[in-house]
2 protein chains.
Amino acid sequence: MFSKTTEYALRAMAHCGEAQRAGKGTQTAEVIAERTGVPVAYLGKVMQALRRAGLLQSQRGAGGGVRLSRSADEILVFDIVQAVDPIERILACPLGLEAHKHRLCPLHAKMDAALAMVEESFKNTTLAQVLESGGTFGPPTEVAGSN
Amino acid sequence: MFSKTTEYALRAMAHCGEAQRAGKGTQTAEVIAERTGVPVAYLGKVMQALRRAGLLQSQRGAGGGVRLSRSADEILVFDIVQAVDPIERILACPLGLEAHKHRLCPLHAKMDAALAMVEESFKNTTLAQVLESGGTFGPPTEVAGSN
DNA sequence: CCTGAATCGGACATTTACATCTGATATACG
DNA sequence: CGTATATCAGATGTAAATGTCCGATTCAGG
């Protein structure tokens, strides 16, 4: 349902968010990879996409790394997902039927409704909200209700 | 988000459901493929999975084909999806963190919640309900609210 | 200015999903 | 029984997602 790339992107962003909260500076790909369990070379690709989407800022050279380009409460889970593996809503009939040009058939309407729910759910949650509910990687910092 | 295989399976089942409603008998793979726009050879594979899941009955030889193995109102959209490309809920921490063994971190809890919503949506809809809302392939038979 | 650290970007390899092909098997019908 | 019609099942081919590698570039610090 969700691609590995999406998983990786969310983990990487969560890590950077936690680092930002802890007052740490830029994070190197190596550290993020180790902490998030993402293959370091592939993580580079994923982070490139996040950078191009304006979610991460990078600094080359010694002492460099990446950090969130804006506050975690200004980043939606939806933004992260769209940056690497966009949810594609069903806007037109996949079969190209003329009769369904202006109104999807019930089948595709149903499928699109599911996509819409997920999209909405991700638009309604910021990265900060995810982090505030408890630690994503380290041991849990508090016991809070999920979701 | 949804695989092509899932799309194909839903289309094939929708076609068989419409055929059943229209009082037609078994449908050949060739006819289904033509109507649903699914590659005929690949459709064979998809239908095998549907048959093994007990959703389709097949009849070999001349005059053969496939038909729904039970009434369309006893088949959930969920059943079809699970038969070919199951929704895999996040039950355990993908990172294998001991601390998250009994409670997912907020990130994965959020992702699983999205999966749960989709799963629930598909469990709450029968194939019959999808068909009753209007034709899936032919021109629309009535104008009804979607979903 | 040199060296080590780190990202960047493209090329390449691997794995999985998608699709096709072919022979085997089962069935209706003459 | 023979033939045409279908599915069945395995082998194979192709495309896309995932993962790796390496040289180029950038930058801090001595």
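Refer to the structure presented above.
Once a new chain begins, its residue numbering starts again from 1 and follows that chain's sequence as written. Chains carry letters from A onward and ligands carry numbers from 1 onward, assigned in written order. Only residues with pLDDT of 70 or above have their local features reported here, since the model is predicted, and side-chain atom pairs are shown and tallied only from 80 upward, although totals for entire chains, interfaces and linings are computed over all residues. Hydrogens and water are ignored here; the side-chain numbers use all heavy atoms of the structure.

To continue, consider the interface of chain A and chain B. Residues are treated as being in contact if the distance between any of their heavy atoms lies within 4.5 Å. If you look at the interface, chain A gives 43 residues, while chain B gives 43 residues. The term buried area refers to how much accessible surface (probe radius 1.4 Å) is lost by two components on association, counted for both of them together. Regarding the contact of chain A and chain B, the summed buried area is about 3,900 Å², with carbon and sulfur atoms giving 74% of it. Interface area lost by chain A to chain B is led by Met-1, Leu-107 and Lys-110 of chain A, which between them contribute 19%. Each salt bridge in this description consists of a side-chain nitrogen of Lys or Arg and a carboxyl oxygen of Asp or Glu lying within 4 Å of one another. Across the chain A-chain B interface, the total number found is zero salt bridges. Identification of polar contacts relies on pairs of N or O atoms within 3.5 Å, with a donor-acceptor requirement for protein atoms, meaning one able to donate a hydrogen and the other able to accept it, and with residues adjacent in sequence counted only if both atoms are side-chain atoms. The interface formed by chain A and chain B holds six residue pairs in polar contact (both at pLDDT 80 or more) in total. Segments assigned H or I by DSSP are reported as helices when at least four residues long, segments assigned E as strands when at least two residues long, and all are numbered from the N terminus. For the side of chain A that touches chain B, the secondary-structure elements that each account for two or more residues are helix H1 (4–21) and helix H5 (106–123) of chain A. Per-element accounting of the side of chain A that touches chain B gives the leading share, 13 residues, to H5 of chain A. Residue composition of the side of chain A that touches chain B, by class: 26 nonpolar, 13 polar and four charged. Residue type decides the class: Asp, Glu, Lys and Arg count as charged, Ala, Val, Leu, Ile, Met, Phe, Trp, Tyr, Cys and Pro as nonpolar, and the leftover types, Gly among them, as polar.

Before going further, it helps to spend a moment on the packing of aromatic side chains. To describe a pair of aromatic rings, one takes the distance between the centres and the angle between the planes. Residues and elements named next belong to chain A. Stacked, edge-to-face and tilted labels apply to pairs of Phe, Tyr and Trp rings (six-membered ring for Trp) whose centres lie within 6.5 Å, assigned for plane angles under 30 degrees, over 60, and everything in between, in that order. Counted under the stated rule, the structure contains four aromatic pairs over all chains. Each ring, one from Phe-2 and one from Phe-122, has its centre 5.8 Å from the other, and the planes form 40 degrees; the classification is tilted. Note that Phe-2 is positioned in the segment before H1 and Phe-122 in helix H5, a separation of 120 residues in sequence. Here Phe-2 matches Phe-122 in class, with each residue buried. By the criterion adopted, a ring carries a charge over it if an Arg CZ or a Lys NZ lies within 6 Å of its centre and within 35 degrees of its normal. Note that Lys-123 overlies the ring of Phe-78, its terminal NZ or CZ placed 4.9 Å from the centroid. Between buried and exposed lies partly exposed: a residue is buried under 20% and exposed over 50% of the maximum accessible area for its type, with that area taken using a 1.4 Å probe on protein chains only.

To line up the copies, we fit them by least squares on C-alpha atoms, keeping just the residues with pLDDT of at least 70 in both. The transform that puts chain A on chain B rotates by 180 degrees and translates by 0.0 Å along the axis, for an RMSD of 0.0 Å. These values place the two chain copies in the arrangement generated by a two-fold rotation axis. Closest approach to the rotation axis within chain A is made by the C-alpha atom of Met-1 of chain A, at a distance of 2.7 Å. Taken together, the interface assignments show that 100% of the residues at the interface of chain A recur at the interface of chain B, consistent with an identical surface on both copies.

Per the counting criterion, the structure on display carries eleven salt bridges over all chains. Between Lys-123 of chain A and Glu-119 of chain A there is a salt bridge, and its shortest N-O distance comes to 3.4 Å. With Lys-123 of chain A and Glu-119 of chain A both in helix H5 and four residues apart, this pair spans about one turn of that helix. The exposure class assigned to Lys-123 of chain A is partly exposed, which follows from its relative accessible area of 34%. A relative accessible area of 9% places Glu-119 of chain A in the buried class. When the shortest N-O distance is used, the salt bridge between Arg-70 of chain B and Asp-79 of chain B registers 3.5 Å. Classification of Arg-70 of chain B by relative accessible area gives partly exposed; the value is 29%. Overall, the relative accessible area of 21% leaves Asp-79 of chain B in the partly exposed class. If you follow the salt bridges from partner to partner, you end up with Arg-89, Asp-112, Glu-119 and Lys-123 of chain A in one network.

What follows covers the protein's contact with DNA strand D. Taken together, 25 residues lie around DNA strand D, and Thr-5 of chain A together with Ala-29, Arg-51, Ser-58 and Arg-60 of chain B are the ones closest in. Contact between DNA strand D and Tyr-8 of chain A: a phosphate oxygen at 3.1 Å from a side-chain N or O atom of the residue. Between DNA strand D and Ala-62 of chain B there is a distance of 2.9 Å, counted from a base oxygen to a backbone nitrogen or oxygen. Listing elements by their share of the surface near DNA strand D, those giving two or more residues are H1 and helix H3 (40–52) of chain A together with helix H3 (40–52) and strand S1 (56–59) of chain B. If one sorts the elements of the surface near DNA strand D by residue count, H3 of chain B sits on top with four residues. Any residue with at least one heavy atom within 4 Å of a molecule or strand is counted as near it.

This part covers the pairing of strand S2 (residues 65–68) of chain A. All names here are of chain A. Two strands pair under a simple rule: DSSP has to find at least two bridges between them. By the bridge criterion, four bridges tie strand S1 (residues 56–59) to S2 in an arrangement that is antiparallel. Bridge pairing in S2 links Gln-57 to Arg-67. Taken together, S1 and the strand that follows it, S2, pair antiparallel across an intervening segment of five residues, in which Gly-61 is found at a positive phi of about 80 degrees.

This next bit is on the side chain of His-15 of chain A. Residues and elements named next belong to chain A. Here His-15 is to be found in helix H1. With relative accessibility at 4%, the residue His-15 sits in the buried group. Polar side-chain contacts of His-15 include one of 2.8 Å to the side chain of Gln-27. In this structure His-15 touches Gln-27, Val-31, Ile-32, Arg-35, Thr-36 and Phe-137, once residues within four positions along its chain are discounted.

All we've got here are geometric facts, nothing functional implied.
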